[in-house]
Structure formats: C-alpha cells, structure tokens
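Architecture and fold: a report
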Amino acid sequence: MMISNFDELLQAARSQPTAQRLLLVFAGAELPEDADAAQRARYQAGQGGALVPLMYVDKAVDEVASFAALAQEAAQFGPPWAMVFAAAMSGQGAQAPSADDAAPVLQRMVDAIQRGDIAAYIPFNPQGEAVQLG
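First, a word on scope: everything that follows refers to the structure included in this document. (Residues numbered from 1 in each chain as written. Predicted model: local features only at pLDDT ≥ 70, side-chain atom pairs only at ≥ 80, totals over all residues. Heavy atoms only, no water.)

Some points on the sheet that holds strand 4 (residues 122–124)
- The four strands are arranged 2-1-3-4 in an open sheet whose pairing can be described as antiparallel. Each end of this open sheet is capped by a strand with a single partner; those strands are strand 2 (50–60) and strand 4. Taken pair by pair, the neighbouring strands of this sheet meet at an average axis angle of 25°, ignoring direction.
- Contacts from helix 1 (residues 6–14) reach strand 1 (20–30), strand 3 (83–90) and strand 4 within the one sheet, and its direction differs from that of strand 1 by about 160°. (Pairing = 2+ DSSP bridges. Helix = DSSP H or I, 4+ residues; strand = E, 2+ residues; numbered from the N terminus. Axes fitted to C-alpha atoms, helices over the stretch in contact; angles between N-to-C directions. Contact = heavy atoms within 4.5 Å.)

Take a look at the structure:
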C-alpha cells in the first residue's frame, strides 16, 4: 500500500487485523558544523540540513484523531519541527502494544534517525504529506 499522507497511514493502521501502536519521532533540521558553502545556501533557502530528533511519542492509533490534531498537540508540547517519522507496532489481536512495549523500540527508532538510518520509517512534512528523502 502506498501511503501519501499521514491520515492514510492512520486509516491503514486502523484497518489492520491486529491493534497497532504508532511510534512518532519529530525532527528538526540543523546545519552541520562542517557544511560547505552550497550546503549553507540550501539550508538558508529552507532546504537540506541534518535531521535531529527533537521529541518523540508513542500513541495507540485511537489516540490520534488526525494529522491536524497530532500537529496541534506537537505545537503545544514542543519546538517547531521539520519532519515527523512514523512507524507502527502490531499488538496481539485487539490488544495494542503498551507504552512499555513501545519504549525500547521507540528509542531504537530515535537512535536510527540520529544515524541517518531512516529507510524503515515514513517521513511526513508539517502538512502531513509523505516525503521522499534521499
């Protein structure tokens, strides 16, 4: 299934035969210290930069009404962000994974994003659209 926006991800997660828990990492873009002139110019133009995790959360699918609601909540609790990376964990039947189950997986996700290892996650821009990085 091709996911083009966050609300499609929610719909897909809700339609799974097992309950899902969403793992979300909000990241900002920073200019690396060793950036060259071209990288600096792209960054100043609002493109490029290194993605740095700013905040993260896990939520049962039914705790997220829509991308708009998630973005509003993120704005209340944290700094401005450039991208949110999403993944889902499957539970057992109707029982979604608990926050305790999700914690180590979410930490590995944060660590992977810090390393630039993002292929396993779906990145969304602040408008909730899936983006292609690379």
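A few points about the packing of aromatic side chains
- Taken as a whole and judged by the stated rule, the model has four aromatic pairs.
- Measuring from centroid to centroid gives 5.0 Å for F26 and W81, while their planes differ by 70°, and the two rings are edge-to-face. Taken as a pair, F26 in strand 1 and W81 in the loop between helix 3 (67–77) and strand 3 lie far apart in primary sequence, 55 residues in all. For the pair F26 and W81, one class covers both residues: buried.
- Taken together, the aromatic side chains of F6, F26, F67, W81 and F124 make up a single cluster linked through ring pairs. (Phe/Tyr/Trp six-rings, centres within 6.5 Å; stacked < 30°, edge-to-face > 60°. Buried < 20%, exposed > 50% of the residue type's maximum accessible area, 1.4 Å probe, protein only.)

Concerning the environment of D34
- Following the sequence through the fold, D34 ends up in the loop between strand 1 and helix 2 (37–44).
- The spatial distance from the C-alpha of D34 to the C-alpha of Q47 is 16 Å, given a sequence separation of 13 residues.

On their own, these measurements won't tell you what the molecule is for.
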